[in-house]
Amino acid sequence: MQIKAVGTSGGKTIRNLLTTFLVDNTLALDCGSVCTGLTLSQQLEIKDVFVSHVHMDHIGELPLLVDNKALYGKTITIFATQTTIRHLREHVFNGIIWPDFEKIPSADEPALIYRQVEYFEEVEVGDYRLTPLPVNHINGSAGCFIQKGDVGFAYTSDTGETDVIWEWLGKQTALKGLVTECSFPADMENLAVISHHLSSPMLEGELTKLKSDADIFIYHLKPQFANRIREEIKGLDVHILTDGEEIVL
Ligand SMILES: [Zn+2]
Ligand SMILES: [Zn+2]
């Protein structure tokens with residue numbers, strides 16, 4: 001399994017791309033930079049998208065991806081929780097902010113299909129088995145565990161402190177690699193708590209809950225504090241991702 005970390009930052013600047021991970025070129029996890037970070041032909045290869053939650057840094061370029069593919073007559077399937085799908089329909093693809101691609105080019109053959117997922121219920125997504133997992137972020141948020149053969153990859157997406165995902169992932173013997181977040185430095189723990197993110201010490205605490213020898217990759221550093229966060233977590237056995245980097249499991 002090859003995971004391209006297209007965008008890994010918790011904030012946007014000319015040098016930082018927002019959250020998008022691409023599994024074997026065909027399955028996108030979030031769409032913060034799915035157009036900025038990929039060529040048109042790479043975008044056209046994407047068949048499915050898992051949307052972890054509707055924060056702008058995770059869905060900002062989803063409407064543009066759907067539009068790009070629709071112009072070539074290609075359909076995209078969005079896998080998300082009921083809450084996330086409701087928000088996408090009501091607030092994004094609502095005919096005002098962006099066209100309702102469930103009716104374009106026609107309701108019979110739309111450019112956009114939603115597939116509702118449930119926590120802990122495995123679904124088939126292309127060649128993969130994907131299990132959505134609850135995390136501590138906004139309502140409807142989900143991380144996921146993706147498995148193909150005996151190789152498993154997990155993505156927590158944005159999350160504050162939690163137990164259930166670590167406990168569940170600890171039982172997955174196929175787990176080879178995991179992406180989780182660290183948004184803030186130690187002295188901004190209050191903001192991390194109220195925004196349901198992790199600070200450096202909180203990340204360290206969370207990782208002690210995971211009973212696995214999987215490789216740990218970190219994303220979502222706020223660029224304003226990235227240097228401090230790097231310094232604070234340099235003793236942990238983790239790898240901080242950079243935009244465009246590839247993970248091979
Ligand atoms: Zn978020
Ligand atoms: Zn985010």
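Things to note about the overall build of the protein
- Each helix and strand counted, the protein has eight helices and 14 strands in total.
- Compactness check: the protein gives a C-alpha radius of gyration of 17 Å against a globular reference of 18 Å for 249 residues, within 12% of the reference.
- Seen along its three principal axes, the alpha-carbon backbone of the protein occupies a region of about 55 × 40 × 30 Å.
- Taken across its 249 residues, the protein has 45% of its residues classed as buried.
- Looking at the protein alone, contacts between residues at least 24 apart form 57% of all its contacts between residues at least 6 apart.

Brief notes about the nonpolar core
- Core analysis: the biggest nonpolar cluster contains 67 residues, and Phe 21 and Val 49 have the highest contact counts within it.
- Aside from chain neighbours lying at most four places away, what touches Phe 21 is Ile 3, Lys 4, Ala 5, Val 6, Leu 29, Asp 30, Tyr 155 and Val 179.

Looking at the sheet that holds strand E6 (residues 112-116)
- The strand order across the open sheet formed by seven strands is E6-E5-E4-E3-E2-E1-E14, and the pairing between neighbours is mixed. Strand pairing shows two members of the sheet lacking a second neighbour, E6 and strand E14 (245-248), which therefore form its edges. The average angle at which neighbouring strand axes cross in this sheet is 25 degrees, direction not considered.
- The sheet contact formed by strand E4 (residues 48-50) and strand E5 (residues 76-80) spans three bridges and is parallel. Across the sheet, Asp 48 pairs through a bridge with Thr 77, a residue of E5.

A word on unusual backbone geometry
- With an omega of -5 degrees, the peptide bond running from Ile 104 to Pro 105 counts as cis.
- You can see Pro 105 is positioned in the loop between helix H4 (82-92) and E6.
- Positive phi outside glycine occurs at Phe 120, with the angle close to 70 degrees.
- In this structure Phe 120 comes out as exposed when scored by C-beta crowding, with 12 C-beta atoms within 10 Å.

Regarding the environment of Leu 198
- With respect to the helices and strands, Leu 198 occurs in the loop between helix H6 (189-194) and helix H7 (200-207).
- Residues Leu 198 and Pro 134, spaced 64 residues apart in sequence, show a C-alpha to C-alpha distance of 16 Å.
- Discounting residues that sit within four places of it in the chain, Leu 198 has contacts with Thr 159, Gly 160, Glu 181, Cys 182, Ser 183, Ala 192, Leu 203 and Glu 206.

Things to note about the pairing of strand E10 (residues 151-155)
- By the criterion of burial, E10 is predominantly enclosed, with four of the five residues buried.
- Taken together, the five bridges between strand E9 (residues 142-148) and E10 define a ladder with antiparallel strand orientation. If you follow Lys 148 over to E10, its bridge partner there is Val 151.
- Between E9 and E10, which pair antiparallel in sequence order, lie two residues; one of them, Gly 149, sits at a positive phi of approximately 60 degrees.

Observations concerning the pairing of E5
- By the criterion of burial, E5 is predominantly enclosed, with four of the five residues buried.
- When E5 meets E6, the two strands line up parallel, connected through five bridges. Residue Ile 78 lies in a different strand from E6, and its bridge partner there is Tyr 114.
- Tracing the backbone out of E5, into H4 and back to the parallel element E6 gives a crossover that is right-handed.

Quick notes on the rules
Residues numbered from 1 in each chain as written. Chains lettered and ligands numbered in written order. Predicted model: local features only at pLDDT ≥ 70, side-chain atom pairs only at ≥ 80, totals over all residues. Helix = DSSP H or I, 4+ residues; strand = E, 2+ residues; numbered from the N terminus. Rg over C-alpha atoms; globule rule 2.2 N^0.38 Å. Buried ≥ 20, exposed ≤ 12 C-beta atoms within 10 Å, placed from the backbone. Contact = placed C-beta atoms within 7 Å. Core = buried A, V, L, I, M, F, W, Y, C linked by C-beta atoms within 7 Å. Pairing = 2+ DSSP bridges. Axes fitted to C-alpha atoms, helices over the stretch in contact; angles between N-to-C directions. Right-handed = clockwise from strand over helix to strand, strands pointing away.

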